[in-house]
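# Coordinates in review
What follows is each chain in one-letter form.
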Amino acid sequence: MDTSAEPFDLKAERAALTAVFRAHGAQASAARTDVLQRLMAIIKAGRDDARAKLDQDGNGRACAEHIARLQDEVIRLIHDYTVAHVYHVNDPGSDKVTVIATGGYGRGLLAPGSDLDLLFLLPAKQTPWGESVVEYMLYMLWDLRFKVGHATRTVDQCLKMALSDMTIRTSLLDSRLLFGDLTLFRELQTRFRKEVVTNTAKPFIEAKLAERDARHSRIGESRYKVEPNIKEGKGGLRDLHTLHWLATYLYGPDAMSPAKNANLFSAAEARAFRRSENFLWTVRCHLHFQTGRAEERLSFDQQPQLAAKLGYIDRGGLRGVERFMKHYFLIAKEVGDLTTVLCAGLEMQQLKTTPGIAQRLNPFTWRMRRRITHTTGFRLDNGRLAVPDETMFERDPVNIIRYFAQAEETRAFLHPHALRLLQRSHRLIDDALRENVEANALFLDLLTSKNNAEATLRRMNDAGVLGRFVPDFGRIVAMMQFNMYHHFTVDEHLLRTVGELTLIEEGAVADALPLSTTIIKMIQNRRALYVAAFLHDVGKGAPEDHSILGARIARKLGPRLGLSDSETGTVVWLIEQHLTMSTVAQSRDLGDPKTIRAFADIVQTPERLKLLLLLTVADIRAVGPGVWNGWKGQLLRTLYYETEPLLTGSITTGAPRQRIAATENAFRTAAANEAGIDAEAFIARQYPDYWLKTDAVKQVEHARLVTRARDEQMEISTSAVTSSFKGVTELSIFAPDHARLLALFAGACAAAGANIAGAYVSTTRDGYALDTFLLGRSFTDDADEIRRAERIGATIKSVLEGKQRLAQLLAKRQEAKPPPRAFAVPPEVVIDNALSDRFTVIEVSGLDRPGLLYDLTSALSDLNLDIGSAHITTFGEKAVDVFYVTDLTHKKIVNPARETAIRERLTGVLEVAVV
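Predicted model, so just to flag it, every value in this text is computed and none were measured. (Residues numbered from 1 in each chain as written. Predicted model: local features only at pLDDT ≥ 70, side-chain atom pairs only at ≥ 80, totals over all residues. Heavy atoms only, no water.)

### Overview of empty space enclosed by the protein
All chains considered together, the criterion is met by 3 cavities of 30 Å³ or more. By volume, the largest cavity is sized at about 60 Å³. Lining the largest cavity, in full, are Leu-513, Leu-515, Ser-516, Leu-613, Val-617, Trp-628, Gly-633, Leu-636 and Arg-637. Sort the elements by how many residues they give to the lining of the largest cavity and helix H32 (residues 630-648) lands first, with 3 residues. Its residues placed into classes, the lining of the largest cavity shows 6 nonpolar, 2 polar and 1 charged. By volume, the second largest cavity is sized at about 50 Å³. Forming the walls of the second largest cavity are Ala-585, Gln-586, Trp-631, Leu-635, Ala-757, Gly-758, Tyr-760, Leu-774, Ala-870, His-871 and Ile-872. Mapped by element, the contributors of at least two residues to the lining of the second largest cavity are helix H29 (580-587), H32, strand E10 (756-760) and strand E14 (865-875). Classifying every residue of the lining of the second largest cavity by side-chain character gives 8 nonpolar, 3 polar and no charged. (1 Å grid on protein atoms, 1.4 Å probe; cavity = no way out; pocket = protein on both sides within 12 Å on 5 of 7 lines; lining within 4 Å. Points joined across faces, edges and corners; volume = space filled by probe spheres on them. Helix = DSSP H or I, 4+ residues; strand = E, 2+ residues; numbered from the N terminus. Nonpolar A, V, L, I, M, F, W, Y, C, P; charged D, E, K, R; others polar.)

### Section: the pairing of strand E3 (residues 148-154)
The sheet contact formed by strand E2 (residues 116-122) and E3 spans 7 bridges and is parallel. Looking at E3, one finds that Leu-116 is bridged to Val-148. In this view, the connection linking E2 to its parallel neighbour E3 by way of helix H5 (residues 128-143) has right-handed handedness. (Pairing = 2+ DSSP bridges. Right-handed = clockwise from strand over helix to strand, strands pointing away.)

### Re the nonpolar core
For soluble globular proteins, nonpolar side chains are generally found buried alongside one another. Of all hydrophobic cores here, the largest spans 216 residues; its most connected members are Phe-393, Tyr-403, Phe-443 and Phe-534. Top contributing element to this core by residue count: helix H13 (residues 320-348), with 12 residues. When near neighbours in sequence (up to four residues on either side) are disregarded, Phe-443 contacts Ile-401, Leu-457, Met-460, Leu-466, Phe-469, Val-470, Phe-534 and Leu-561. (Core = buried A, V, L, I, M, F, W, Y, C linked by side-chain atoms within 4.5 Å. Buried < 20%, exposed > 50% of the residue type's maximum accessible area, 1.4 Å probe, protein only. Contact = heavy atoms within 4.5 Å.)

### Some words on helix H37 (residues 741-751)
Most of H37 sits inside the fold, with 11 of its 11 residues counted as buried. Every buried residue of H37 is accounted for by Leu-741, Leu-742, Ala-743, Leu-744, Phe-745, Ala-746, Gly-747, Ala-748, Cys-749, Ala-750 and Ala-751. Of the residues trailing H37, Gly-753 is marked for its positive phi of about 80 degrees.

### Considering the pattern of salt bridges
Using the criterion set out here, one finds 54 salt bridges in the structure. Its salt-bridge partner being Arg-238, residue Glu-232 comes within 3.6 Å of it at the nearest N-O pair. Within the structure, one salt-bridge network assembled from shared partners comprises Asp-156, Glu-187, Arg-191 and Glu-195. (Salt bridge = Lys/Arg side-chain N within 4 Å of Asp/Glu carboxyl O.)

### What to know about the environment of Ser-587
Relative to the assigned elements, Ser-587 resides in helix H29. Exposure remark for Ser-587: the relative accessible area of 6% places this residue in the buried category. A polar contact is formed between the side chain of Ser-587 and the backbone oxygen of Thr-583, at a distance of 2.5 Å. (Polar contact = N/O pair within 3.5 Å; in protein donor to acceptor, adjacent residues only side chain to side chain.)

### Notes on the sheet that holds E10
Read from one edge to the other, the open sheet built from 8 strands follows the order E8-E9-E11-E10-E14-E15-E13-E12, with strand pairing classed as antiparallel. Unpaired on one side and paired on the other, strand E8 (717-723) and strand E12 (828-832) mark the two borders of the sheet. With strand direction ignored, the average angle separating the axes of adjacent strands in the sheet is 20 degrees. With 4 bridges connecting them, E10 and strand E11 (residues 768-776) associate as antiparallel partners. Paired with Ile-756 across the two strands is Leu-775, which belongs to E11. Against the sheet, helix H41 (residues 896-911) makes contact with E12, strand E13 (840-847), E14 and strand E15 (878-887), and its axis sits at roughly 150 degrees relative to E12, the strand it touches most. (Axes fitted to C-alpha atoms, helices over the stretch in contact; angles between N-to-C directions.)

Given below as structure tokens:
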């Protein structure tokens, strides 16, 4: 460790603590508080200095070294004070404490919030004096608010525990003497290498890599999660630590020094390691200083501040925070590349169990090996696809694409030598290769492969090949979108979208996606669908609409890949419209005939309808965990089934009056099997539009609710049904209608923490409201979900009866879950009279917060508007709510002054969220 600049004058501080001790009559207990205050001042000054230097030079590793040096001197100072004044020993040579730093502290690197790992090493058994000194030192450190992991052991005990415990073994790899018996410390190091490390490399490597895989699984498999864990996440510091441990175990304590790291990495890879390590330490130290704690998650709240601190500014269509996070993800990718190369290299050295051992035992593999060597020049080596010599790609750059084609066909792992050669061959991926007919045909076959296109494309992306072969894709590699909706970077999302299509085509998600699984077998433009999936967001990060830019990119790329003019046109249309079906399904009234006619005019053909549904489903499912649910699937299926007859000319539903009569008759038949339901009385209560917009199952549920209210003589009655398939719970209410009923319902749901996905509103002829709200599920078990819905229903009833005050309930909820501070969503209110023949459609968008729907519906009630239906959608931090409204005479809002008043009032409601 560099000791050229000590954090403070140790000799002077010893004297200062001695003076404090004497000022309190040489009484350690009396002096303790002032001693701690003096130490706290030293620590604060040292950390302030470290932070100032970090702000000045941006060197995170140097900052971590500075903090470790400060910690070294503080511990030494505490020890010296303890043995001089608290547990004084007359003969310092007869008994002394040996203190060793282990783990991350042993490497001489500490973040501001890091734990301290200490080993108190004993020459033999513990003496009462030594035990007292150790105890006093630990209590001082704890009182200074340090988190200390500690052990007191002899050398024999250390070795015995290291043999049986991989965590202890790993921590001893990085042991470093702070002070004490140098001979004893060297004995520990020598015996550790001889008795523990020798001949145990393979089990250690396998244990550390298994530990890494478990950590990735726990934190999240993808290194491209938009709120990454900088320490434990994939591509984070812990992955670099793993490489360090493996190197140290194999080649000794200075394995990562320039003199020795050639055993593991090339010179370029060693530079990448140091560059990645410094960047991650810089971000981590800033993050700890910024939050005042050991925060390892790079959350949305912290990202903008860090981006500004590190000097990232808005440029080229990307915000500063997005440029910062793109840099972060490129570093995470670089760490992943280093890990891949090292682990593959270890496997080839037989130090790590080969994942492809089953292939080597398979006779098919031997035949495949001979065929590959004969036809392509590649070879299978220990289950990995290898290149015969260093000039393979130089002789013919098409071999770069052929290599991945062979890997996909054989499902072989990639050879570490081939990976290194690929990284050195990026310059060969030029315009000539991009225009090569065979290379493009091979790539299109890879992209549309039924084996595992996603995995092969990810291999190409990780190797840096994909973004160079398709430069427009390369522009969005590691690009994040600073919002709470998208869970992954843009390139990761596109690869996952391709993967979702493969899962649908394999039938692997048939239970969740029955319609998609059926129609993917019927499409005529499979290649166009996969290319559209691969490119649909490739226009992100530019100032113009990404759908328009993406379509323009596809128009140029399609012919290059070998698509026909017709296929290219289909890809272009799909990318232009890839958000349309989702928008219509989630934010429009699918019971309104004009909605369906307008959508059909956009789609025009049954084939396009099928393709757009498949792309929409794959796109939503690839956004991230929890974004897709069965309710969204139900909306998309409904839109598909309503639109298909218009496109095929098979409409046989007849005029609305005939449809209503048929629906009423179907209800009579269904109600005949339900005890107590008076079908004719229920029919007589409903206006005609009820039968057009309410499905048959819901009609019967409503009839049961009305019957129960009658039998139990209740003015207000609620009922709940749930569906794990849809992913929603439907909560219905039957109550006397009044202008603020919908607002009160929304407020009660918000107070209970329920997320409302939609609302269907109807009024009976005798003045009752019969409304259904769609709530996002909170429990996997249906019984638990029903109990939750019933509690919400009870709250609604209590509020409507005046037994609870809604304002108080909402205030508690808003305190528990404040709106996200890191985001700004400009409020927008759009009023449209062309989307529906009967309603004015009001679309509002802004920053989501608890109670927003309540405030919006309250404002609509204050404006004397009658809500026919509500469609509630959230995209992370952004809420998009659509209301179909009329005035109190059931007419559209056409007066410009009235429209202005509505827009201003709703904009004011949205602006509350950004205060």
